[in-house]
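Structural overview
Single-letter residue listing:
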Amino acid sequence: QVQLVESGGGLVQSGGSLRLSCAASGRLFSIYFWAWYRQAPGKEREQVASIRIEGTTNYADSVKGRFTISRDSAKNTMYLEMNGLRPEDTAVYFCNTVSFGGNDDWGQGTQVTVSS
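These lines cover the structure that appears in this document, whether it is placed above or below. (Residues numbered from 1 in each chain as written. Predicted model: local features only at pLDDT ≥ 70, side-chain atom pairs only at ≥ 80, totals over all residues. Heavy atoms only, no water.)

With respect to the overall build of the protein
Inclusion rule: Put simply, DSSP marks the helices as runs of H or I at least four residues long and the strands as runs of E at least two long, and each gets a number from the N terminus on. Atoms counted for the radius of gyration: C-alpha only. Globule rule: 2.2 Å times the number of residues to the power 0.38. Only protein chains enter the accessibility calculation, which uses a 1.4 Å probe; a residue whose area is less than 20% of its type maximum is buried, one above 50% is exposed, and one in between is partly exposed. Should any heavy atoms of two residues lie within 4.5 Å, those residues are considered in contact. The method behind every accessible area is Shrake-Rupley, applied with a 1.4 Å probe, and residues are considered shielded solely by the protein chains displayed. The charged-residue count follows a simple rule in which Lys and Arg add positive charge and Asp and Glu add negative charge, with His and chain termini not counted at all. To locate a charge, take atom NZ for lysine, CZ for arginine, CG for aspartate or CD for glutamate.
Check the secondary structure of the protein and you find 0 helices and 11 strands. Secondary structure elements of the protein occur, N-terminal to C-terminal, as β-β-β-β-β-β-β-β-β-β-β. Against the 2.2 N^0.38 benchmark of 13 Å for 116 residues, the protein shows a C-alpha radius of gyration of 14 Å, consistent with a compact globule. Across the 116 residues that make up the protein, the buried fraction comes to 43%. Sequence separation of 24 or more characterises 53% of the internal contacts of the protein that already satisfy a separation of 6 or more. In the form shown here, the protein has an accessible surface area of approximately 6,000 Å², with 47% of it arising from carbon and sulfur atoms. Averaging the locations of the 11 positively and 11 negatively charged side chains of the protein gives two centres separated by 3 Å.

In structure tokens form, the structure reads like this:
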């Protein structure tokens, strides 16, 4: 199993920036997929960005050009650099990993609030 801890959320004005971090521990060798999801009040959880073990990245259309996902293998940490934040980006952001063998692990979430 993998343990994930997010940090870096907060309150920011529209147009501002934040960097989220996701620190991983546990059975890290089996992870092949990392992702950020978000869930706004009254809405379903949606995938924001993902990065595969070989480095392939994918972004939701709503964040393309504004958000950047990255991973530091030496620190066992994944990041989400968020620029040009908008009020509609307000949500709880969750870190997710998928491992060989089918394990699907989640962090506890970090709140991002963008004021207009």
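Further notes follow.
Digging into the nonpolar core
How we decide: For the purposes of this section, nonpolar cores are sets of buried Ala, Val, Leu, Ile, Met, Phe, Trp, Tyr and Cys residues that join through side-chain atoms within 4.5 Å.
Membership of the largest hydrophobic core comes to 28 residues, with the highest contact counts inside it found for Trp 36, Leu 80, Met 82 and Tyr 93. Looking at this core, the elements with two or more residues in it are strand S1 (2-7), strand S3 (18-26), strand S4 (31-39), strand S5 (46-52), strand S7 (67-72), strand S8 (77-82), strand S9 (91-99) and strand S11 (110-115). It is S3 that provides the largest number of residues to this core, a total of 4 residues. The contacts of Leu 80, once residues within four sequence positions are left out, are Leu 18, Arg 19, Leu 20, Trp 36, Val 48, Ala 49, Phe 67, Thr 68, Ile 69 and Tyr 93.

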